[in-house]
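What the coordinates show
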Amino acid sequence: MAALVELRDVVKHFPVSRSLAEIVRGKHPAVRALAGVSFDVGAGDAVAVVGESGCGKTTLGRLMLKLAEPTAGTIAFDGTALATLAGDSLRGFRRQAQLVFQNPFEALNPRFTIYRAVAEPLLNAGVDRAEHMDRVVSAFRRVHLPDVGRYLDKYPHQLSGGQLQRVVLARALVLGPRFLVADEPVSMLDVSVRAGILALLREVRDAMGLSAVYISHDLALVRYLCERTLVMYLGRVVEDGPTEEIVRRPRHPYTRALVAAVPVPDADQSRAPLPIRGNVPDAREPPSGCAFRERCPHAMPRCAVETPALRSIGERHRMACHLE
Ligand code: SF4
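Parameters and conventions
- Residues numbered from 1 in each chain as written.
- Predicted model: local features only at pLDDT ≥ 70, side-chain atom pairs only at ≥ 80, totals over all residues.
- Heavy atoms only, no water.
- Pairing = 2+ DSSP bridges.
- Helix = DSSP H or I, 4+ residues; strand = E, 2+ residues; numbered from the N terminus.
- Contact = heavy atoms within 4.5 Å.
- Core = buried A, V, L, I, M, F, W, Y, C linked by side-chain atoms within 4.5 Å.
- Buried < 20%, exposed > 50% of the residue type's maximum accessible area, 1.4 Å probe, protein only.
- Near = heavy atom within 4 Å.
- Nonpolar A, V, L, I, M, F, W, Y, C, P; charged D, E, K, R; others polar.
- pLDDT = per-residue confidence, 0-100.
- Phe/Tyr/Trp six-rings, centres within 6.5 Å; stacked < 30°, edge-to-face > 60°.
- Lys NZ or Arg CZ within 6 Å of the ring centre and 35° of its normal.

Across five bridges, the pairing between strand 1 (residues 3-15) and strand 4 (residues 72-77) is antiparallel. Counted as the bridge partner of Val 5 is Phe 77 from strand 4. Note that strand 4 and strand 5 (residues 80-81) share two bridges and pair antiparallel. By the bridge assignment, Phe 77 is partnered in strand 5 with Thr 80.

The next point concerns the environment of Val 167. Looking at the element boundaries, Val 167 is found in helix 7 (residues 161-173). Distance from Val 167 to Pro 104, taken between C-alpha atoms, is 8.4 Å for residues 63 residues apart in sequence. Those residues in contact with Val 167, other than ones at most four positions away along the chain, are Leu 108, Ile 114, Val 118, Phe 140, Leu 145 and Leu 159.

Here we come to the nonpolar core. Judged by nonpolar contacts, the single largest core of 63 residues is most densely connected at Ile 114, Val 118, Phe 140, Val 167, Leu 169, Leu 180 and Tyr 214. Not counting residues within four places of it along the chain, the set of residues in contact with Ile 114 comprises Leu 108, Phe 140, Tyr 151, Leu 152, Lys 154, Tyr 155, Pro 156, Leu 159 and Val 167. Val 5, Leu 34, Leu 82 and Ile 215 belong to the second-largest nonpolar core, a separate cluster that totals 29 residues.

The buried fraction of helix 2 (residues 57-64) amounts to six of the eight residues, a majority that puts the element mostly inside the structure. At the exit of helix 2 stands Lys 66, carrying a positive phi of roughly 55°.

Contacts to the ligand come from 13 residues, most closely from Cys 290, Cys 296, Cys 303, Cys 321 and His 322. Of the residues belonging to the shell around the ligand, the class tally is nine nonpolar, three polar and one charged.

Summing up the model confidence of the chain, the mean pLDDT is 89 and the portion of residues at 70 or higher is 95%. At the low end of the mean pLDDT range in the chain sits helix 1 (residues 20-24), at 74; at the high end sits strand 4, at 97.

The next thing to look at is the sheet that holds strand 4. Pairing within the open sheet is antiparallel, and its four strands lie in the order 2-1-4-5. Each end of this open sheet is capped by a strand with a single partner; those strands are strand 2 (30-42) and strand 5.

Here we come to the packing of aromatic side chains. Across all of its chains, the model carries six aromatic pairs by this definition. Plain terms: the ring middles of Phe 77 and Phe 93 are 5.2 Å apart, the flat faces sit at 75° to each other, and that makes the pair edge-to-face. Of this pair, Phe 77 sits in strand 4 while Phe 93 is found in helix 3 (residues 87-96), placing the two residues 16 residues apart along the sequence. Of the residues examined, Phe 77 reaches a relative accessible area of 7% and is grouped as buried. By relative accessible area, Phe 93 is classed as buried at 4%. Clustering of aromatic rings is evident, with ring pairs tying together Phe 77, Phe 93 and Phe 179. Here the guanidinium or amino end of Arg 116 rests over the ring plane of Phe 112, the centre of that ring lying 3.7 Å away. Between the NZ or CZ atom of Arg 202 and the centre of the ring of Tyr 224, over which it lies, the distance is 4.0 Å.

Taken together, the buried positions of helix 5 (residues 114-124) are Ile 114, Ala 117, Val 118, Ala 119, Pro 121 and Leu 122. The elements touched by buried residues of helix 5 are helix 6 (132-142) and helix 7. Once helix 5 finishes, Gly 126 follows within two positions and takes phi at roughly 80°, a positive value.

Laid out in C-alpha cells, this is it:
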C-alpha cells in the first residue's frame, strides 16, 4: 500500500547563539536535532516514535505537520512534498493532518469557551458556519462526551484533565483528518484516566481509519497503540520494527536498555539488563561514529569511526548497529 507520509534523509539543525571564541573562529554551532531520518507511514498505520528526551522525536512530529521546516531532506504527504505547499494546498494539508497536544491544560485558550475552542479549526478552514454546531456535536460524540450541552459554554479550567484531553482530541478530529501526530498524549494526566484516553485513541483511529504517529518515552503505552515502533537516539532511528518484536526481543543495545529500564509484561527478560550509563550527549557536538558509543557496553573501535546505517535484520525489522 502506498505510504501516506514519506520522510527521506530528514535533517534538522537549530542554530544556537555563538560564544566570542566561536565568532572569532568562524564557527556556527547548531543543535543537530535530526541527523538523516527516513521512514514511511502507510494509510491506517499506527507508528510509535520512542526515545529519551533530546532524541529528536518531538522535532520529528513538528516537521511531519509542517510546523517547522527541515534543514535538509524531504517530507511528503500523499505524494506531495510539504515544502511545495502554500495557500490553498497548505490549508488543505492542515485540514488533513492534526496534532494532539501533550498538555491539555495548555492546549486550549483559557479565555475561549469549549465550543469556540473546538469550532476554531472549522472557522480557520473556512467551513460554513451553519455546519459548525453539527460538526462539533459529532466530534464530541466521537470522543464519548455525548452530553454536549454540559460542556459547550464552559471554560477549560472548569473541566477535569481527562475531559479536557477528550476536548483536545475532539478539536483535532473536527475537520475529519487522515493523519494524527500525538505527542505524549497521556503523560500529563492522572494514572486513573490514562487507560480511558488510550482506549479512546485506539478506538478513534480504528473507526476513522486514521494514520497516526505517537511520540512517547513509554514502551508499554506504544505497545498498546502501535503495530510498529521506531527507536530514536540523538537524531537518528536506531531500530525500527514490529512493536511486539521490539518489546519482546529488543536487538539494538539502546532499545535493550530502554526495555530493561521499564519492564514490560511478557517481554523476554532472559538477557541481563543493560546498564545504561551517562546521559544523552550534547546534540551540538555529537560523538563521531555511533552516537550511542559512550554509553554502550558493546562499543568497539569501529564504532568510533563508522556511523552504523540502518540495515535489515528480519522481516520489516531494521537496526543501526555494528553488532551481528
Ligand atoms: Fe554499541 Fe557499536 Fe552498536 Fe553503537 S554501533 S550500539 S556503540 S555496538
